[in-house]
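Listed below, chain by chain, are the residues.
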2 protein chains.
Amino acid sequence: MKRRRFLSTLAVGTTLPVLGPFAARDALRSREQTASDRARAVRVLAFDTFGTVVDWRSSVIAEGQQLGKTKGLSVDWAAFADAWRAGYGPSMNRVRKGDLPWTKLDVLHRTTLDGLLTKFNVDGLSEDEKVRFNRVWHRLRPWPDSVDGLKQLRARFVLTPLSNGNISLLTNMAKHAQLPWDCILSAEVVRHYKPDPETYLMVADIFDLKPSEVMMVAAHQGDLDAAQKLGLKTAYVHRPLEYGPGKASVPPPAGRFDFVAKDFRDLAAQLGT
Amino acid sequence: MKRRRFLSTLAVGTTLPVLGPFAARDALRSREQTASDRARAVRVLAFDTFGTVVDWRSSVIAEGQQLGKTKGLSVDWAAFADAWRAGYGPSMNRVRKGDLPWTKLDVLHRTTLDGLLTKFNVDGLSEDEKVRFNRVWHRLRPWPDSVDGLKQLRARFVLTPLSNGNISLLTNMAKHAQLPWDCILSAEVVRHYKPDPETYLMVADIFDLKPSEVMMVAAHQGDLDAAQKLGLKTAYVHRPLEYGPGKASVPPPAGRFDFVAKDFRDLAAQLGT
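All values reported here derive from a predicted model rather than from experimental measurement. (Residues numbered from 1 in each chain as written. Chains lettered and ligands numbered in written order. Predicted model: local features only at pLDDT ≥ 70, side-chain atom pairs only at ≥ 80, totals over all residues. Heavy atoms only, no water.)

Asks: Explain the sheet that holds strand β5 (residues 185–186) of chain B to me, and be specific about the residues and the numbers.
Replies: Residues and elements named next belong to chain B. Taken in spatial order, the six strands of this open sheet run β5-β4-β1-β6-β7-β8, and their pairing is parallel. Sheet topology places β5 and β8 (259–261) at the edges, where each strand pairs with a single neighbour. Pairing analysis gives four bridges linking strand β1 (residues 44–47) to strand β6 (residues 214–218), with the strands arranged parallel. Each bridged residue has a counterpart across the sheet, and for alanine 46 the counterpart in β6 is methionine 216. (Pairing = 2+ DSSP bridges. Helix = DSSP H or I, 4+ residues; strand = E, 2+ residues; numbered from the N terminus.)

This is the structure in structure tokens:
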């Protein structure tokens, strides 16, 4: 059911009516031109990272299991990963609301980690081991299509992350996962976490562009809604496994964002790169 | 004479005394260990760009000549390039001293360009042509060793520009010249032009390092002096053609900086990458 609904929302090439080869070709061509028009003025693609480019959940679980094996721990690492991620929004909101001064995501992650180590009864980690485990967020693995898709898109656009991850986290992540960014932009540059407007508007400001010449790419509708309100173009990329099997969110209806794509290769195809 | 003096200052591998193969090998090994020790704690290499990574002078001359041909202009483009570069320091000093609010280098370059177009009697450029010519600084060509040397160094270190060029300038330059940076750091991030301390100290702050775990790489001793005073490691790279033929600066004496290299490949060899 979810799958069927998802397919019906895809913008290009998957649900062409059966009208013979020429009609189908013309319909496809017409849709491609429309897609190309919508992106013609776009110069920079700005990507959400956690969940959109990299698979945080399976990466945290895998490193947790490895740590558990080494240290003889018995922990539900899937629950641990989900709880760590669940602390992400609330911890940033403390900064966004002014309860905390500007604080890097690494430090927020560590505060959440310390609470979870207690909650999950994890004893016996040295400070070095905690520091290393906290930096699992620097070593997240890309989705299978991420690197190839970004390489295709890079031929036509400037590519940057636009993430709440701090600059060193995003830089190490890119080095580890071989993500071919053209630069690294982070909430840390303007010291405002998404969805604060400053973060989205920074990209246009830095590149001397109008907001509509920047396109936000994300797997999360809230991120795209905030970008869209400020005049950025938007591309939704579906990541059905972000929260684990059987927990796919429902993709947005056609027309809700400028592009709706199955993955980065599909986005590259829709953008004609 | 200059060449001889330069060679005598090189740290490694060029002036080994002739004591037979084993003595030479041991001396070399011992010096390499020393060099390796000096860089052991370094995690990030931060590069000056104009003159150090890219050859601004020949690039500006070449584009000026092309523009002159198209527009039928008769201009001494070498003098023009030198005058444009000569306006660089004074224009940034106006920002550093507070005479101007924070202003991107693109805008400072444009102000200098407008003055030079008058001074060199260049008429008849449209606004689009001026905008395009001003962005020649986004399209500077790398020195012949830059890309290969950076690729070697990237295997062991995080590489970033640390330049007064704005982020879009450095990003476009990297895309154009295929410079394999891991991230793009610029004076624009902290809104302080080098040699203000904030710019150098930003790198350690962003990567949670001590200043001594960051090494500044530059062809200009003033840049390295400022970095050294703040505790950064320093590597001088000789660029004898930066200001044109016959205008090479005298390299620093051995020991003045942590490393003195002929080019980026030599620096990579000295650092054992």
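Asks: Requested: an account of the interface of chain B and chain A, with residues and values cited.
Replies: At the interface, 20 residues of chain B touch 20 residues of chain A. Taking both partners together, chain B and chain A bury about 1,700 Å²; carbon and sulfur atoms supply 53% of that area. Asp182(B) serves as the salt-bridge partner of Lys175(A), at 2.6 Å between the closest nitrogen and oxygen. The interface formed by chain B and chain A includes 14 residue pairs in polar contact (both at pLDDT 80 or more). Among the secondary structure elements, those contributing two or more residues to the side of chain B that touches chain A are α9 (167–177) and α11 (197–207) of chain B. Residue contributions to the side of chain B that touches chain A peak at five residues, all from α9(B). Tallied by class, the residues present in the side of chain B that touches chain A amount to eight nonpolar, three polar and nine charged. (Contact = heavy atoms within 4.5 Å. Buried area = accessible area lost by both parts, 1.4 Å probe. Salt bridge = Lys/Arg side-chain N within 4 Å of Asp/Glu carboxyl O. Polar contact = N/O pair within 3.5 Å; in protein donor to acceptor, adjacent residues only side chain to side chain. Nonpolar A, V, L, I, M, F, W, Y, C, P; charged D, E, K, R; others polar.)

Asks: Tell me about the side chain of Asp48(A), residues and numbers included.
Replies: All names here are of chain A. As for its placement among the helices and strands, aspartate 48 is situated in the loop between β1 (44–47) and β2 (54–55). Exposure remark for aspartate 48: the relative accessible area of 6% places this residue in the buried category. Polar contacts involving the side chain of aspartate 48 include one to the side chain of threonine 52, which spans 2.6 Å. A polar contact of 3.2 Å, which involves the side chain of aspartate 48, links it to the side chain of lysine 194. When residues no more than four places from it in sequence are discounted, the contact partners of aspartate 48 are Val53, Leu162, Lys194, Met216, Val217, Ala218, His220 and Asp223. (Buried < 20%, exposed > 50% of the residue type's maximum accessible area, 1.4 Å probe, protein only.)

Asks: Pulling in residues and values, what's your account of the relation of the copies chain B and chain A?
Replies: If you rotate chain B by 180 degrees and push it 0.0 Å along the axis, it lands on chain A with an RMSD of 0.0 Å. Taken together, the turn and the small shift mark the pair as related by a two-fold rotation axis. Every residue of chain B has its C-alpha some distance from the rotation axis, and the shortest such distance is that of Cys183(B), at 2.7 Å. The fraction of interface residues of chain B whose copies in chain A are also interface residues reaches 100%, indicating that both copies meet through the same surface. (Least-squares fit on C-alpha atoms with pLDDT ≥ 70 in both.)

Asks: Please set out helix α4 (residues 77–86) of chain B residue by residue, giving values where relevant.
Replies: Residues and elements named next belong to chain B. Turning to α4, its buried residues number three or more, namely Trp77, Phe80, Ala81, Ala83, Trp84 and Arg85. Where α4 is buried, its residues contact α3 (56–71), α5 (88–96), α6 (105–119) and α7 (127–134). The backbone nitrogen of alanine 78 has a side-chain oxygen 3.2 Å away, supplied by the residue at the start of α4, namely aspartate 76.

Asks: Summarise the state of the cysteines; cite the residues concerned and give the values.
Replies: Taken as a whole and assessed by the stated rule, the structure comprises zero disulfides over all chains. In this model Cys183(A) remains outside any disulfide bridge; the closest cysteine sulfur is found in Cys183(B), 9.7 Å from its own. (Disulfide = S-S within 2.5 Å.)

Asks: How would you explain the sheet that holds strand β4 (residues 158–163) of chain A if you had to name every residue and give the values?
Replies: Residues and elements named next belong to chain A. Ordered by their spatial adjacency, six strands build an open sheet running β5-β4-β1-β6-β7-β8, and the pairing between neighbours is parallel. Where the open sheet ends on each side, the last strands, each with one partner, are β5 (185–186) and β8 (259–261). Sheet topology places strand β7 (residues 233–237) next to β8; three bridges connect them, and they run parallel. Bridge assignment links tyrosine 236 to a residue of β8, and that residue is valine 260.

In short, the description is geometric, and any link to function would need to be established separately.
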